[in-house]
Amino acid sequence: MGGRHWACGWVRERLFEWFIAMRYSVDWKKYNEALRSRGRYKAMGRFPASLLYWKARQFLLEYLRARCEAGVRAVGMRIHSKWMKRWCLEYGLSLRAPNRKYKVAKRVLEERLQIGWLNCARVRKLCQLVFGYDPEQENWDQSPFQHNEIGSQNSKTLAVRGCVVPLIEGHADTRARWTANLTTFSNGERIMNGELPYAECMFKADGEQVARRLREHVRSSGHGSWLSVATSEKASYREADVLDFLETHLPEKTPERRWRIIWGDDARAHKTENAKRLAWHRGYVLLLHGGGATPVVQTPDTDLNQHVRRKYTELESVHILEEMRKGVGVPKTKHTQCIDMMAQ
């Protein structure tokens with residue numbers, strides 16, 4: 001037993017040293033530069049439990065071989081889930097989901113944030129000097145949804161502890177994408193006066209027949225002009241779709257209405273001269289967030305989309321339960337139902 005415990009301690013120490021060296025002692029900047037020189041992308045790898053299992057077994061085999069070559073009796077051990085759990089508790093480790101996912105390096109993000117803030121400050125200062133007021137701002141952003149959003153998120157369900165939890169749902173519906181294009185206003189008085197930030201639901205469909213049917217549904221349901229519907233081949237926005245969205249919702253410029261700033265993310269369809277020209281003719285100055293900066297400064301991402309998604313999935317779960325009560329075996333949400341729940 002003594003030899004087994006010693007082997008266990010030796011493997012534990014080597015495994016921890018290897019983990020620290022790989023996870024925290026590697027010069028990732030230098031490693032990524034070497035990758036780029038070979039035409040590959042940068043890397044910041046994950047460390048799953050299976051990798052630790054195999055590495056622990058490798059260290060155990062090295063220990064046993066060294067003992068045998070030295071002519072000393074070798075005692076092995078089993079490396080299983082309980083052993084790995086005790087190892088993690090001993091060294092204060094745990095498997096965790098990444099809660100910070102960066103699209104760009106920190107220095108690049110800092111540079112792009114500074115450029116965006118300076119551009120905004122320049123436009124605001126110019127407006128103050130010329131017209132004597134600080135322009136209000138609007139911000140739009142697309143967020144993907146599925147026709148079974150709660151299934152796409154693999155949300156939990158109530159069940160008796162210790163029992164198998166059965167579930168029947170259409171897997172294709174959890175991958176059937178549509179897009180919600182949502183907006184925020186910096187002027188809260190407009191919202192308090194009843195002017196809702198405009199939004200658009202885009203679905204995957206070919207031809208204008210589906211689009212006309214969905215627009216008629218929005219009109220007959222009385223949702224208001226703040227909500228529009230569009231269709232495209234992949235339910236994603238291209239330049240023509242962005243122009244239609246802006247032309248539908250940006251009001252005409254009048255002498256009485258003040259200039260405004262409108263923000264979009266760093267997408268190719270947002271950066272075209274046609275989009276800038278259309279916004280300018282409607283009395284808007286189009287500014288773009290830098291690539292990778294949207295999770296930090298784009299208000300739909302920071303203050304809107306998460307709450308909308310949470311409330312939408314609550315409504316969707318109630319709708320699916322009602323469909324099951326009616327005898328529908330594999331319920332899903334149709335286009336019109338997605339529109340109604342998003343409007344609500």
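Thresholds applied
- Residues numbered from 1 in each chain as written.
- Predicted model: local features only at pLDDT ≥ 70, side-chain atom pairs only at ≥ 80, totals over all residues.
- Heavy atoms only, no water.
- Helix = DSSP H or I, 4+ residues; strand = E, 2+ residues; numbered from the N terminus.
- Buried < 20%, exposed > 50% of the residue type's maximum accessible area, 1.4 Å probe, protein only.
- Lys, Arg positive; Asp, Glu negative; His and termini not counted.
- Salt bridge = Lys/Arg side-chain N within 4 Å of Asp/Glu carboxyl O.
- Pairing = 2+ DSSP bridges.
- Axes fitted to C-alpha atoms, helices over the stretch in contact; angles between N-to-C directions.
- Contact = heavy atoms within 4.5 Å.
- Right-handed = clockwise from strand over helix to strand, strands pointing away.
- Polar contact = N/O pair within 3.5 Å; in protein donor to acceptor, adjacent residues only side chain to side chain.
- Expected span 1.5 Å × (residues − 1).
- Bend = angle between axes of the 7 residues up to and from the residue.
- Core = buried A, V, L, I, M, F, W, Y, C linked by side-chain atoms within 4.5 Å.

Observations concerning the side chain of Asp 141
Then, number 1: As for its placement among the helices and strands, Asp 141 is situated in strand S1 (residues 136-146).
Then, number 2: Buried and unpaired, Asp 141 has Arg 309 as its nearest opposite-charge partner, separated by 8.2 Å.

Some points on the sheet that holds strand S6 (residues 284-288)
Then, number 1: Pairing in this open sheet of 6 strands is mixed, and the strands run S4-S3-S2-S1-S5-S6 from one edge to the other. Each of the sheet's edge strands pairs with one partner strand only, and the pair in question is strand S4 (227-232) and S6. Across this sheet, the average inter-strand angle for adjacent strands is 20 degrees, counted without regard to direction.
Then, number 2: With 5 bridges connecting them, strand S5 (residues 260-264) and S6 associate as parallel partners. Paired with Ile 262 across the bridge in S6 is Leu 286.
Then, number 3: The sheet strands contacting helix H10 (residues 273-281) are S5 and S6, and the helix crosses S6 at an angle near 145 degrees.
Then, number 4: Contacting S1, strand S2 (177-185), strand S3 (199-204) and S4, helix H13 (residues 335-343) runs over the sheet at an angle of about 160 degrees to S3.

Focus: the pairing of S6
Then, number 1: Counting buried residues along S6, 4 of its 5 residues qualify, which places the element largely inside the surrounding structure.
Then, number 2: Between S5 and its parallel partner S6, the chain crosses via H10, and the hand of that crossover is right-handed.

A look at the environment of Ala 269
Then, number 1: Relative to the assigned elements, Ala 269 resides in the loop between S5 and H10.
Then, number 2: When residues no more than four places from it in sequence are discounted, the contact partners of Ala 269 are Tyr 237, Arg 238, Glu 239, Val 242 and Ala 275.

A short note on the pattern of salt bridges
Then, number 1: Counted by the stated rule, this structure contains 16 salt bridges.
Then, number 2: Between Glu 138 and Arg 190 there is a salt bridge, and its shortest N-O distance comes to 2.8 Å. Of this pair, Glu 138 sits in strand S1 while Arg 190 sits in helix H7 (residues 188-192), and the two are 52 residues apart along the sequence.
Then, number 3: Under the relative-accessibility criterion, Arg 190 is labelled buried at 7%.
Then, number 4: A salt bridge links Glu 195 to Arg 190; its shortest N-O distance comes to 2.7 Å.
Then, number 5: Judged by relative accessible area, Glu 195 falls into the partly exposed class, the value being 36%.

Focus: the environment of Asp 141
Then, number 1: Owing to a relative accessible area of 4%, Asp 141 belongs among the buried residues under this scheme.
Then, number 2: Considering only alpha carbons, one finds Asp 141 and Thr 299, 158 residues apart in sequence, at a separation of 8.8 Å.
Then, number 3: If near-sequence neighbours (up to four positions away) are discounted, Asp 141 is found in contact with Ala 180, Asn 181, Leu 182, Asp 265, Gln 298, Pro 300, Asp 301 and Asn 305.
Then, number 4: In terms of polar contacts, Asp 141 uses its side chain to reach the side chain of Asn 305, at 3.5 Å.

Section: helix H12 (residues 299-325)
Then, number 1: Compared with an ideal rise of 1.5 Å per residue, which puts 27 residues at 39 Å, H12 spans 39 Å between its outermost C-alpha atoms and is within 8% of the ideal.
Then, number 2: Along H12, the sharpest change in direction is near 40 degrees and occurs at Asn 305.
Then, number 3: What H12 keeps buried is the set Pro 300, Asn 305, Val 308, Arg 309, Tyr 312, Thr 313, Glu 316, His 319, Ile 320 and Glu 323.
Then, number 4: Two residues or fewer past H12, Gly 327 is found with a positive phi of approximately 100 degrees.

Re the nonpolar core
Then, number 1: Grouped together as the largest cluster of nonpolar side chains are 19 residues, with contacts concentrated most on Trp 178, Phe 203, Ile 339 and Met 342.
Then, number 2: Those elements that provide at least two residues to this core are S2, S3, helix H8 (209-221), S4, H12 and H13.
Then, number 3: When residues in this core are grouped by element, the largest group, 5 residues, is from H13.
Then, number 4: Residue contacts for Phe 203: discarding those within four places in its chain leaves His 147, Trp 178, Leu 214, Val 229, Ala 230, Thr 231, Ser 232, Ala 235, His 335, Cys 338 and Ile 339.
Then, number 5: The next biggest cluster of nonpolar side chains, apart from the first, holds 18 residues, and it includes Leu 250, Ala 275, Leu 278 and Ala 279.

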